[in-house]
Amino acid sequence: MKTIKFLILFVGILVSSTISAQSFKASDLDGRWKRSDGMIIDIKGTSTFVEGSDALVINVGNSGWPQSARMVAFKFRNLKHEGGNQWKGINYLHMPQGNYRKEDGKVNIVMADDKLSFNANGTTYTKQ
């Protein structure tokens, strides 16, 4: 009898963990995201564009990016879903000395299980 109870408990735990496991799709990254310094980015078309989607700067906040970057500059480019809760793309950095943006290596994005935030190279963005 103890064996049957243990087996039922084990199967119950296995089923509940499978049900609560989160599945991710490319479009989960689409939307408006804000980071703690007030920068807001808008990502669209992650599951649509073969070359990947881009993260348009909507608001610069206190990020050090100039107001002129609003609605014309991209923080991330070529974002592609790598599978699970991970995306990769190209990161851009604002260079205040010359007031230009330059490619600054890769960005690795890891989305939280609740899909309400993601971490991009150590910076957290929350869903708006």
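Below is a summary of the structure that appears in this document. (Residues numbered from 1 in each chain as written. Predicted model: local features only at pLDDT ≥ 70, side-chain atom pairs only at ≥ 80, totals over all residues. Heavy atoms only, no water.)

On to the side chain of S117. Relative to the assigned elements, S117 resides in strand β7 (residues 117–120). With relative accessibility at 18%, the residue S117 sits in the buried group. (Helix = DSSP H or I, 4+ residues; strand = E, 2+ residues; numbered from the N terminus. Buried < 20%, exposed > 50% of the residue type's maximum accessible area, 1.4 Å probe, protein only.)

Adjacent strands of a sheet pair through backbone hydrogen bonds, lying either parallel or antiparallel. With respect to topology, eight strands assemble into a closed barrel ordered β1-β2-β3-β4-β5-β6-β7-β8, the strand pairing being antiparallel. Put simply, the sheet's adjacent strands are angled 35° from each other on average, direction ignored. As judged from the nine bridges shared by strand β5 (residues 86–95) and strand β6 (residues 100–111), these two strands associate in the antiparallel manner. In the strand pairing of β6, M95 is matched with Y100. (Pairing = 2+ DSSP bridges. Axes fitted to C-alpha atoms, helices over the stretch in contact; angles between N-to-C directions.)

Look at N78: it is not a glycine, yet its phi comes out positive at around 55°. Summarising the element assignment, N78 is placed in strand β4 (residues 74–83). Phi angles above zero are rare outside glycine, and K115 is one such case at about 65°. Take K115: it is sitting in the loop between β6 and β7.

All right, on to the pattern of salt bridges then. For the coordinates displayed, the defined rule picks out six salt bridges. In this structure, D28 engages K25 in a salt bridge whose closest nitrogen and oxygen atoms are separated by 3.7 Å. For D28, a relative accessible area of 11% gives the class buried. Ionic pairing is found between R32 and D42, a salt bridge with its closest N-O pair at 3.9 Å. One end of the pair, R32, is in strand β1 (residues 31–35); the other, D42, is in strand β2 (residues 40–44), with ten residues separating them in the sequence. If you follow the salt bridges from partner to partner, you end up with K25, D28 and K115 in one network. (Salt bridge = Lys/Arg side-chain N within 4 Å of Asp/Glu carboxyl O.)

All right, on to the pairing of β4 then. When strand β3 (residues 53–59) meets β4, the two strands line up antiparallel, connected through three bridges. Within the sheet, the bridge partner assigned to S53 lies in β4 and is L79. As judged from the five bridges shared by β4 and β5, these two strands associate in the antiparallel manner. Counted as the bridge partner of G83 is Q86 from β5. Hairpin remark: β4 followed by β5, antiparallel, with two residues in the connecting loop; positive phi at G84, about 60°.

Mapped onto the fold, G61 is located in the loop between β3 and β4. Between the C-alpha atoms of G61 and I40, which are 21 residues apart in sequence, the distance is 7.6 Å. The residues contacting G61, other than those within four sequence positions of it, are D37, G38 and M39. (Contact = heavy atoms within 4.5 Å.)

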